[in-house]
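Letter by letter, the chains look like this.
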Amino acid sequence: MTDPTTDMRPLIAEAPEPLARIGDRRVSRAAFLADVQALAAQLPPARAAFNLCQDRYHFAVAFAAILLRGQTNLLPPNRGRTTLAEIAGQYPDAIALVDGPDAEIAIPVLRVAARGEAGEAMGPVPAIPGEQTAVLAFSSGSTGTPTAHARSWTALHAVTAQALEALDLAGHPGPTLVGTVPPQHMYGLESTVLYALLGHTTLLAGRPFYPEDVRTALADSAPAVLVTTPFHLKACLRAGLEWPSPTRILCATAPLSPDTAARAERVFGCPLDEIYGCTEAGAIATRRTTRESAWTTYPGVEIHPGETGRAWVRGPQHPEPVPLPDHIEVQDTRLFRMEGRLADQLNIAGKRASLADLNRRLNAIPGVLDGVFIPPDPESDTHGVTRLAALVVAPKRSEAEIQAALADCMDPLFLPRPLVRVDHLPRSATGKLPRQVLLDLLAHHGQCA
Amino acid sequence: MASQTAFEQEVAQLIVDSLNLEDVTAGEIEPEDALFRDGLGLDSIDALELALAISRAYGVQIRSDDENNRQIFASLRALSAHIEANRAAS
């Protein structure tokens, strides 16, 4: 048995770099700790708390305060009412830490408004038990309720150290992380919060969204690392702006084509590294897309072909081997190629979902007699984002009612467009729904509308 | 239904074209109705796509730290007014 006193890990790294930038103001690590201690003192006793803060500094203060109080950060995959209620059902004593609108369900909230102006904490950096569950990240499982993926504080220390080494971000002075990804997403948590907490980098509190926001943030935060997604990167490339050069770009959530990566390196004038990861395993590998198509795992992380065709991964951060939700060709224990997603997995603008889960949720709506989501054609790579469509048999429900019920339990990205109501689904004798028949039916309704 | 001004018609067409709205025509967009979630049911991806189209067509850059960002996208009328005002100012 591990002696808990021997595995204590610091809450933050001690470094001269500020922990955060709020606008053009820098927040020192000691000032951050003062905010964390003040917030932790307000947290009621519980096992866990929702961290729904949108501002990255608020999120980081809430994250650390929850840890300091011996609790777990609950990171829901979306803010749908049904989704939050399902998680809250498992953690009835959890409150929600928020900085924008209240939580979508009726649970107590604690507002986070810290701005790094509460003075500076004295004394040593607090330590957290390594085995404490730091976060529960939820993915939409095929089983029904959201599946929880636990990360201990030791595991988060491990993956952060691996990433900083693999990405050569461990040196001084550390850059500022300009992130377009939400901190509740595992990639966002790791790359825009933990690199700052446990490394020498500085997080930018804001979350630039439009290309002009990103341009301004990069110009104001030099030296900067842009932490983004293919979806946002392509939008920036299409915006036709003059870009200040970050020191590098990190990109994850869906694979980038070598052409787009090359264009990004040219337009931004810096190297681009992609990170491979998933909610189940966290980040595990990286590649410089303009130079290599294979992924190299983080130091200490090994990948193996599975017996059932599903590769699995294991590093010091994984108590058990973790099967990956993609088709993987393992080249050696630290090198692999990603060949595509498993049949049931969807990826819309970087968000993953299980098609079976979406269909189950559609058919669980009262008044929906039958219904099916139709994934976009994977070959179509028109600009912008292609959406799911849905055919629904629901004589007594309107399209708006069905959309509203879906919005309660899934990310808006998965809401069908169009949602077409039909008299019945064209099931074959075996109950199957051939894709072409569904597409024909959809096209037919498009013409009639 | 309230009638669209000539410029609102132009912006409505831009919305329909840039977002590939198959089941809505430009003329059907109510000038005062919400564009997002409750009206046309648009989301953040649409906002980004629309911002790109607006910058290409009118040279107006949308920013999320604009105090009135929510208002800009509140309706076809509000969006058209924002574009017109900023196009005129530049």
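Not measured: the values here are computed from a predicted model. (Residues numbered from 1 in each chain as written. Chains lettered and ligands numbered in written order. Predicted model: local features only at pLDDT ≥ 70, side-chain atom pairs only at ≥ 80, totals over all residues. Heavy atoms only, no water.)

K.L.:
Now, about the overall build of chain A: what can you tell me, with residues and values included?
P.N.:
The secondary structure content of chain A amounts to 11 helices and 27 strands. Against the 2.2 N^0.38 benchmark of 22 Å for 449 residues, chain A shows a C-alpha radius of gyration of 22 Å, consistent with a compact globule. Projected onto the principal axes, the alpha-carbon positions of chain A cover approximately 70 × 50 × 45 Å. Look at the contacts in chain A between residues 6 or more apart in sequence, and 64% of them connect residues 24 or more apart. A total of about 18400 Å² of accessible surface is found on chain A, and carbon and sulfur atoms cover 54% of it. Averaged over its 40 positive side-chain charges, chain A has a centre that lies 4 Å from the centre of its 47 negative ones. (Helix = DSSP H or I, 4+ residues; strand = E, 2+ residues; numbered from the N terminus. Rg over C-alpha atoms; globule rule 2.2 N^0.38 Å. Contact = heavy atoms within 4.5 Å. Areas by Shrake-Rupley, 256 points an atom, 1.4 Å probe, with all protein chains shown as cover. Lys, Arg positive; Asp, Glu negative; His and termini not counted. Charge placed at Lys NZ, Arg CZ, Asp CG, Glu CD.)

K.L.:
Could you give an account of the overall build of chain B, naming the residues involved and the relevant values?
P.N.:
Broken down by element type, chain B carries four helices and zero strands. Starting at the N terminus, the α and β elements of chain B follow one another as α-α-α-α. Counting all 90 residues of chain B, 48% fall into the buried class. A sequence separation of at least 24 residues applies to 59% of the contacts in chain B between residues at least 6 apart. Carbon and sulfur atoms make up 45% of the accessible area of chain B, which amounts to about 4500 Å² in all. (Buried < 20%, exposed > 50% of the residue type's maximum accessible area, 1.4 Å probe, protein only.)

K.L.:
Tell me about the domain arrangement of chain A, residues and numbers included.
P.N.:
Residue and element names in this part refer to chain A. Entries for chain A in the domain assignment read domain 1 (4-341) and domain 2 (345-448). Contact residues are listed per partner, giving 24 residues for domain 1 and 21 residues for domain 2. Here domain 1 packs against domain 2, burying approximately 1700 Å² in sum over the two surfaces, 41% of which is carbon and sulfur. Where domain 1 touches domain 2, the interface holds three salt bridges. The salt bridge involving Asp408 is made with Arg81; its shortest N-O contact spans 3.2 Å. Viewed at the interface, domain 2 and domain 1 are joined by eight residue pairs in polar contact (both at pLDDT 80 or more). For the side of domain 1 that touches domain 2, the secondary structure elements donating two or more residues are helix 3 (81-90), helix 7 (230-238) and strand 15 (272-278). (Domains from an automatic or database assignment. Buried area = accessible area lost by both parts, 1.4 Å probe. Salt bridge = Lys/Arg side-chain N within 4 Å of Asp/Glu carboxyl O. Polar contact = N/O pair within 3.5 Å; in protein donor to acceptor, adjacent residues only side chain to side chain.)

K.L.:
Help me get a handle on the pattern of salt bridges, residues and values and all.
P.N.:
Residues and elements named next belong to chain B. Throughout the structure, instances matching the rule amount to 24 salt bridges over all chains. Residue Glu32 is joined to Arg77 by a salt bridge in which the shortest nitrogen-to-oxygen separation is 2.9 Å. Of this pair, Glu32 sits in the loop between helix 1 (6-18) and helix 2 (44-58) while Arg77 sits in helix 4 (residues 76-89), and the two are 45 residues apart along the sequence. Glu32 sits in the exposed class, given a relative accessible area of 53%.

K.L.:
Tell me about the packing of aromatic side chains, and name the residues and values.
P.N.:
Applying the stated criterion to the full structure yields nine aromatic pairs over all chains. Taking 4.8 Å as the distance between ring centres and 85° as the angle between the ring planes, the aromatic pair formed by Phe209 of chain A and Tyr210 of chain A counts as edge-to-face. Accessibility expressed as a relative area gives 3% for Tyr210 of chain A, which makes it buried. When the centroid spacing of 5.5 Å and the interplanar angle of 65° are considered together, the rings of Phe7 of chain B and Tyr58 of chain B count as edge-to-face. Placement of Phe7 of chain B in helix 1 and of Tyr58 of chain B in helix 2 is noted, with a sequence separation of 51 residues between them. Overall, Phe7 of chain B belongs to the buried group, its relative accessible area being 8%. (Phe/Tyr/Trp six-rings, centres within 6.5 Å; stacked < 30°, edge-to-face > 60°.)

K.L.:
Mind laying out helix 4 (residues 153-166) of chain A, listing which residues take part and the relevant values?
P.N.:
The α-helix winds at 3.6 residues per turn, so residues separated by three or four positions along the chain end up facing the same way. All names here are of chain A. For helix 4, spanning 14 residues, the distance from its first C-alpha to its last is 20 Å, which sits close to the expected 20 Å at 1.5 Å a residue. Among the residues making up helix 4, those that are buried are Trp153, Thr154, Ala155, Leu156, His157, Ala158, Val159, Thr160, Gln162, Ala163 and Leu164. Phi turns positive, to about 55°, at Asp168, one or two residues after helix 4. (Expected span 1.5 Å × (residues − 1).)

K.L.:
Can you lay out the packing of helix 7 of chain A against helix 8 (residues 258-268) of chain A for me, pointing to particular residues and giving the numbers?
P.N.:
Residue and element names in this part refer to chain A. Across the interface, helix 7 lies against helix 8 with an axial gap of 11 Å and an inter-helix angle of 55°. By the angle between their axes, helix 7 is oblique relative to helix 8. Taken as a pair, helix 7 and helix 8 cross one another with a handedness that is left-handed. The residues of helix 8 that touch helix 7, namely those facing Leu233, Lys234, Cys236 and Leu237, are Thr260, Arg263, Ala264, Val267 and Phe268. Tallied by class, residues from the contact of helix 7 with helix 8 come to six nonpolar, one polar and two charged. (Axes fitted to C-alpha atoms, helices over the stretch in contact; angles between N-to-C directions. Parallel < 35°, antiparallel > 145°, perpendicular 65-115°, else oblique. Left-handed = near helix turned anticlockwise from the far one by under 90°. Nonpolar A, V, L, I, M, F, W, Y, C, P; charged D, E, K, R; others polar.)

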